[in-house]
Amino acid sequence: MSEHEEELRGEQRFSTKKKKAKRRGTRKKKEKQELDGRQQQVEQVESECVVLRGIFKLGKKSHDVLLTQTRLTWTPITPETPTGKVCMLQPGVVLLQDVYAVKVKRRRAVGQQSGGPVLGVALFCCRRRGMRLEGDTLHLNNASTEHTHAWYNTLKELLKGFSSRPRYLKVFINPSSHKKEAVHIYREHVAPLFKMADIRTDITVTERKGHALSVMKECKLDEYDGVVCVGGDGSVAELCHAVVLRAQLDADSPDKPVKSELPLGIIPAGSTDVVSCSVHGVRDPVTAALHIVLGHLLQVDMCSFSSLGQLVRFGFSAMFGFGGQTLARAEKKRWMPSSRRREYALLKTLAKLRPEDCQLSFLPAKKSHRNLFRHREPDQESQSEAEDEESWTTNQGLYLSISIMSVPCLSPHAPQGLAPNTRLANGSAALIAVGNTSRSEFIKHLKRYGSSSGQFNFPFVETHAVSAVRLRPQSVIGFSEDSEENCDSKTSPITQSDGATFPWNIDGELIEIGNEVLVRVHPQLITLYGEEVDEAESTISCSCI
C-alpha cells in the first residue's frame, strides 16, 4: 500500500470518527433537551397545588401519580441499587385540557352489564399527530374501590371546570351529502365520542334543501350548548346562514347582523369540505368531533351578500364569473359522480372561457379597520358613512373571475387556500380579481393553487384586502348556454336577454342573481369549533388540467 493511500484511509477513518462523534453529540443534546423539558413539566407540577397523590400501576410497573388543577403526571417507582444510587426515569404528563372523559374500570364476566370488581381508572384523552387529533387511553390500575372512586370523582369535577365544553347539542345530518355516508360517519366516528364525553344530542336528519334552516328558525335554542352539522359544503353553508340569521331574528335587528353566541361544529362528510378544512386543517370526522368535545372555539368573520337592499344570505366566500359558471354546469349534471361532475364542468367552462364586463368597486380594509372596533356616537354615523363612500375604489373592465373570501378556503385541492392572504378573524376579506387573458395563462393561474405559492404572480391578477365589495355587471350581462353559443370571439363578453340572471358560487351553493351584489365583511360574526391552521392536509390532486 502506497503512502498516499495510507493517508487517504487515515483521513477517511478520522472523518468517520468525527461524524460518529457529531451524531453522538447531537443525540445527547436531543436527549438532554427532552429531559430538560420533562424536568420543567415536573417543576411546573411541583409549583402547583397537588390535588391528589397516589400509587397506580401503568402496565406492569407501579407509578407515583400526581394530580393538579391542570395536569396529571406519573413517575415510575424504582428501588435503589446496591450502591445506593437511584435511577432517574422520565415522568409522563397529560394535560387535563386534553382529557375528555374518565371512567371506572371493572372486571366483568361475558354478558355482565353492571357491577364487578374495581380495577382502576381510565382517562380518555386526545393526542396530536400533525393537524389530526386522535383518541388515546391512559389506564391507571388500582384494586382499591375507595382509592379509585376518590380519583374518579375528583377528575370528573376538574373536567367540569372547562366551561366551553358542550353538554347538549343539536345535530343536523344530511344523508345525501357526497357518497351518502353522513349517517354512517356520524354513527361510527362521532356518536361514540359524544357518548363517551357524556354529551346529549338531539338529532335531525334533513329531508330536503332548506330543512335545517326551517328547523333553526322555529326550535328553542336556549337549551342547547351548540349546533353540529354533518354534511358537505352545502349543508355547512345553510346552517352557518341559519345560525347567524336566527341570532338576528332573536335580537329583532332586521337591518344589522348580530353576533351568534351559539357555536357551530362541522363534521366533514362532503367532497371538498372547504370550511371544515379551514378550521381543522384535515377532512377527518374524528378530529372535528374531538374539537367539539374539548370545546375548542374560534371567532370567525362572515360576509353578508345582498342585492337591491335585500339580504341574499350570510356566507364565507363567493365566486363570480368562472367559479359561478363552473358550478352552474356541475349542477346540471347531478346524475354524475361528484368527481366526474366537477372535472366535466371545469373542462367545459375552460373550453367556453369568456370574460364578463363588470364595474367592480371595493372598500379597502384599512379604512374600515379604523372604524370597526371603535365606538361611534350617533352624530358621527353620517360623517363616517360619507368618508367610507369617498374611499371606495372603482374599476371597470372585463373579468374572467372575481372571488371574495373572508376565510382562507383551505382544501385538499388548494392546501394553501384559495385566499392564502386572509385569516379567519382579521376583520377583512380577500378580493381576487382575474382580468381578461388567454386560456393558457388562466390555466397556469388555476394550476398554481395546487402548489405552495405563486397563484397571484400574474399581471392580470389583482388582490386586495377589503371590508366591502360592490359588483355591478354592465348592461345586465349574464351567463347562459345560448349566449355562449352565439358568441364568436373568445374575448367578447357574454351577453344575455332581459330577465336572465348571473350564477354565483356562494360557499359551494349555486345562487342566481340578476342585479348588483353588495358584499360586506362582519368581523367575528360566528363561533366555530376548531382552531386556526395555516395549511390543509393535501391528499388529492386534480388530474383534469
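In what follows, the structure referred to is the one given above.
Each value, and the rule that gives it
Residues numbered from 1 in each chain as written. Predicted model: local features only at pLDDT ≥ 70, side-chain atom pairs only at ≥ 80, totals over all residues. Heavy atoms only, no water. Helix = DSSP H or I, 4+ residues; strand = E, 2+ residues; numbered from the N terminus. Phe/Tyr/Trp six-rings, centres within 6.5 Å; stacked < 30°, edge-to-face > 60°. Lys NZ or Arg CZ within 6 Å of the ring centre and 35° of its normal. Buried < 20%, exposed > 50% of the residue type's maximum accessible area, 1.4 Å probe, protein only. Pairing = 2+ DSSP bridges. Salt bridge = Lys/Arg side-chain N within 4 Å of Asp/Glu carboxyl O. Core = buried A, V, L, I, M, F, W, Y, C linked by side-chain atoms within 4.5 Å.

Undergrad: How do you make sense of unusual backbone geometry when you look at a structure like this?
TA: A positive phi angle, near 55°, is found at Leu-308, a position not held by glycine. Positionally, Leu-308 belongs in the loop between strand E12 (297-307) and strand E13 (310-315). Despite not being glycine, Asp-507 shows a phi value in the positive range, around 55°. Relative to the elements of secondary structure, Asp-507 occurs in the loop between strand E19 (502-506) and strand E20 (509-513).

Undergrad: Can you walk me through the packing of aromatic side chains in this structure?
TA: To describe a pair of aromatic rings, you give the distance between the ring centres and the angle between the ring planes. Within this structure, the stated rule accounts for eight aromatic pairs. Among the aromatic side chains, those forming a connected cluster through ring pairs are Phe-320, Phe-502 and Trp-504. The ring of Phe-162 carries the charged tip of Arg-165 above its face, separated from the ring centre by 4.3 Å. Over the aromatic face of Tyr-168 sits the side chain of Arg-200, whose NZ or CZ is 4.0 Å from the ring centroid.

Undergrad: Even after reading the chapter, I still don't get the pairing of strand E4 (residues 92-95), so can you show me in this structure?
TA: Remark: a regular strand shows side chains that alternate across the two faces of the sheet. Of the two faces of E4, only the one carrying Gly-92 and Val-94 is buried; Val-93 and Leu-95 on the other face are not. Judged from the four bridges that link them, strand E3 (residues 71-76) and E4 form a sheet pairing that is antiparallel. Paired with Trp-74 across the strands is Gly-92, a residue of E4.

Undergrad: Whenever I open this one, the pattern of salt bridges confuses me. Can you help?
TA: When the charged atoms of two side chains with opposite charge come close together, those side chains can pair. As enumerated under the stated definition, the model contains 16 salt bridges in all. Put simply, Lys-103 and Asp-198 hold a salt bridge, and the shortest N to O gap is 3.5 Å. Of this pair, Lys-103 sits in strand E5 (residues 99-106) while Asp-198 sits in the loop between helix H3 (182-196) and strand E9 (200-205), and the two are 95 residues apart along the sequence. Relative accessible area serves as the criterion here: at 26%, Lys-103 is assigned to the partly exposed category. For the salt bridge of Glu-134 with Arg-129, the shortest nitrogen-to-oxygen distance reads 3.8 Å.

Undergrad: Can you help me understand the nonpolar core in this one?
TA: Among soluble globular proteins, nonpolar side chains are generally buried collectively. If you look at the biggest cluster of nonpolar residues, it comprises 53 residues, and the most contacted ones within it are Leu-264, Phe-316, Ile-526 and Leu-528. The greatest single-element share of this core, amounting to seven residues, is contributed by helix H5 (residues 233-250). Core analysis: the second largest hydrophobic core is formed by 28 residues, Ala-101, Ala-122, Leu-169 and Ile-185 among them.

Undergrad: How do you make sense of the pairing of strand E2 (residues 61-67) when you look at a structure like this?
TA: Counting buried positions along E2 gives five out of seven residues, so the element sits mostly inside the fold. Here seven bridges tie strand E1 (residues 52-58) to E2, and the two strands are oriented antiparallel to one another. Across the sheet, residue Leu-52 finds its bridge partner in E2, namely Leu-67. As consecutive antiparallel partners, E1 and E2 are separated by two residues, and within that stretch Gly-59 has a phi angle of approximately 75°, a positive value. Here E2 pairs with E3 via five bridges, running antiparallel. Residue pairing for E3: Leu-66 is matched across the bridge by Thr-73.

As far as function goes, none of this settles anything; it's purely spatial.
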